[in-house]
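Results of the structural survey
One letter stands for each residue in the lines below.
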Amino acid sequence: MIHLTDIHKSYNLNTNPLHVLKGINLSIAEGELVAIMGASGSGKSTMLNILGILDEADSGTYTLDNTPIVKLNETKAAQYRNKFLGFVFQSFNLISYKTALENVSLPLYYQGLPRKERQKKAKEQLTKVGLGERTHHVPSELSGGEKQRVAIARALVTEPMVLLADEPTGALDTKTSYELMALLQEINDQGKTIVVITHESDIANMCKRIVYLRDGVIVEDKKIKQKKAKDYVE
Ligand code: ADP
Ligand code: MG
């Protein structure tokens, strides 16, 4: 479903280019739950930004669901992001003055769905992440774990093929992190392809495959026996 071939990316700071991704080759099939691990600065977010069509590689190829992702204008890129991808970030990125229901409805507004339908789908999605009773709360009235559940509901409401999560547990305590991983595992068990960036090995071990990045190169890529997050929650 995802194919990256010989991806290179540099940032140009003043005159010195910083070579961040140095020939990334990675394929991800439907239904995988992949952790991308690596130290801070190893290029994880840069790679996720390319996967998420938020940034473009300098060279190499990227295909997503057999669609070549190349030289897209912003309108087309936004259209592909909306169609293929859901995003979850460490800092939740919810709109502070909107309720959980409104936050989750927003992507459907951009898709042009009528209000009634937006609210119905958003409500269903919030119920799936265990927040059916919290739909009218604004983010400041929710805990960190609840905020991230809202963010996951927002990412999934458009039924994307792939969920991309950049350090989704980075702002959460250990117990809440494992509860969140239990939710991601449940979503993956229902067939969703998920890519999780993390620098915590306990989180990575709850995925089905770990890709290790060091200084912009994949140094190891292995399938693992997944640890069930539920076993660590109670
Ligand atoms: P990670 O997510 O693994 O911590 P990043 O992909 O964010 O790593 O960053 C890799 C390197 O690229 C770091 O040295 C970072 O400072 C640099 N970098 C990231 N984004 C930019 C940018 N927009 N402009 C310049 N340098 C950047
Ligand atoms: Mg990062």
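The following refers to the structure shown. Just so it is clear, the model here is predicted, and its values are computed rather than measured.

Per the secondary structure count, the chain includes 8 helices and 10 strands. Taken over C-alpha atoms, the radius of gyration comes to 18 Å for the chain, in line with the 17 Å a tight globule of 234 residues would show. Principal-axis analysis of the C-alpha atoms places the extent of the chain at approximately 50 × 45 × 35 Å. For the chain, the residues scored as buried account for 50% of the 234 residues in total. Of the contacts made within the chain by residues no fewer than 6 positions apart, 68% connect residues no fewer than 24 positions apart. For the chain, the exposed area adds up to about 11,700 Å²; of that, 48% sits on carbon and sulfur atoms. For the chain, the separation between the mean place of its 30 positive charges and that of its 28 negative charges on side chains is 4 Å.

Unlike most non-glycine residues, I53 shows phi in positive territory, near 55°. As for its position among the elements, I53 is in the loop between α1 (44–51) and β4 (59–64). Residue class for I53 comes out buried when judged on its relative accessible area of 7%. For K71, which is not glycine, the phi torsion reads 45° and is therefore positive. Tracing the backbone through its elements, the reader meets K71 in the loop between β5 (67–68) and α2 (74–84). Its relative accessible area of 71% is what places K71 among the exposed residues.

The immediate surroundings of ligand 1 are formed by Y11, L13, L18, V20, A39, S40, G41, S42, G43, K44, S45 and T46. For ligand 1, a nitrogen atom lies 3.5 Å from a polar atom in the side chain of Y11. In isolation ligand 1 exposes 560 Å². Once the protein is present, 61% of that is buried. Those elements giving two or more residues to the shell around ligand 1 turn out to be β1 (2–13), β2 (16–28) and α1. No other element matches α1, which puts 3 residues into the shell around ligand 1.

Let us now look at the sheet that holds strand β10 (residues 217–223). Taken in spatial order, the 6 strands make up an open sheet running β6-β7-β8-β3-β9-β10, and their pairing is mixed. Every interior strand has two partners, whereas the edge strands, β6 (85–89) and β10, have only one. Adjacent strand axes in the sheet meet at a mean angle of 15° when their direction is disregarded. Sheet topology places β6 next to strand β7 (residues 162–166); 5 bridges connect them, and they run parallel. Within β7, the residue paired with G86 across the bridge is L163. Taken strand by strand, α2 contacts β6 and β7, and its axis lies near 85° from that of β6.

Along helix α3 (residues 100–110), 8 of the 11 residues are buried, which leaves the element largely enclosed by surrounding structure. What α3 keeps buried is the set A100, L101, N103, V104, S105, L106, P107 and L108. Elements in contact with the buried residues of α3: α2, α4 (115–128) and α5 (144–156). Downstream of α3 by one or two residues, G112 has phi in the positive range, about 85°.

What follows is about the sheet that holds β2. Spatially, 4 strands are ordered β2-β1-β4-β5 in an open sheet, and the strand pairing comes out antiparallel. On the outer flanks of this sheet lie β2 and β5, each paired with one strand and no other. Pairing analysis gives 2 bridges linking β4 to β5, with the strands arranged antiparallel. Residue pairing in the sheet places T63 in a bridge with P68 of β5. The sheet strands contacting α1 are β1, β2 and β4, and the helix crosses β1 at an angle near 120°.

Membership of the largest hydrophobic core comes to 43 residues, with the highest contact counts inside it found for L126, V150, I152 and L184. Of all the secondary-structure elements, those providing two or more residues to this core are β3 (33–37), α3, α4, α5, β7, α6 (174–189), β8 (193–198) and α7 (201–204). Looking at this core, the element that brings in the most residues is α6, giving 7 residues. The contacts of V150, once residues within four sequence positions are left out, are L94, A100, N103, V104, L126, L131 and L142.

Its volume calculated, the largest pocket comes out at about 460 Å³. If you go around the largest pocket, you meet 17 residues; those closest to its centre are L85, F87, P107, Y110 and R154. Listed by contribution, the elements that provide at least two residues to the lining of the largest pocket are α2, β6, α3 and α5. For the lining of the largest pocket, the residue count by class is 10 nonpolar, 5 polar and 2 charged.

Calculation notes
Residues numbered from 1 in each chain as written. Chains lettered and ligands numbered in written order. Predicted model: local features only at pLDDT ≥ 70, side-chain atom pairs only at ≥ 80, totals over all residues. Heavy atoms only, no water. Helix = DSSP H or I, 4+ residues; strand = E, 2+ residues; numbered from the N terminus. Rg over C-alpha atoms; globule rule 2.2 N^0.38 Å. Buried < 20%, exposed > 50% of the residue type's maximum accessible area, 1.4 Å probe, protein only. Contact = heavy atoms within 4.5 Å. Areas by Shrake-Rupley, 256 points an atom, 1.4 Å probe, with all protein chains shown as cover. Lys, Arg positive; Asp, Glu negative; His and termini not counted. Charge placed at Lys NZ, Arg CZ, Asp CG, Glu CD. Near = heavy atom within 4 Å. Polar contact = N/O pair within 3.5 Å; in protein donor to acceptor, adjacent residues only side chain to side chain. Pairing = 2+ DSSP bridges. Axes fitted to C-alpha atoms, helices over the stretch in contact; angles between N-to-C directions. Core = buried A, V, L, I, M, F, W, Y, C linked by side-chain atoms within 4.5 Å. 1 Å grid on protein atoms, 1.4 Å probe; cavity = no way out; pocket = protein on both sides within 12 Å on 5 of 7 lines; lining within 4 Å. Points joined across faces, edges and corners; volume = space filled by probe spheres on them. Nonpolar A, V, L, I, M, F, W, Y, C, P; charged D, E, K, R; others polar.

Don't take any of this as a statement about function, it's just geometry.
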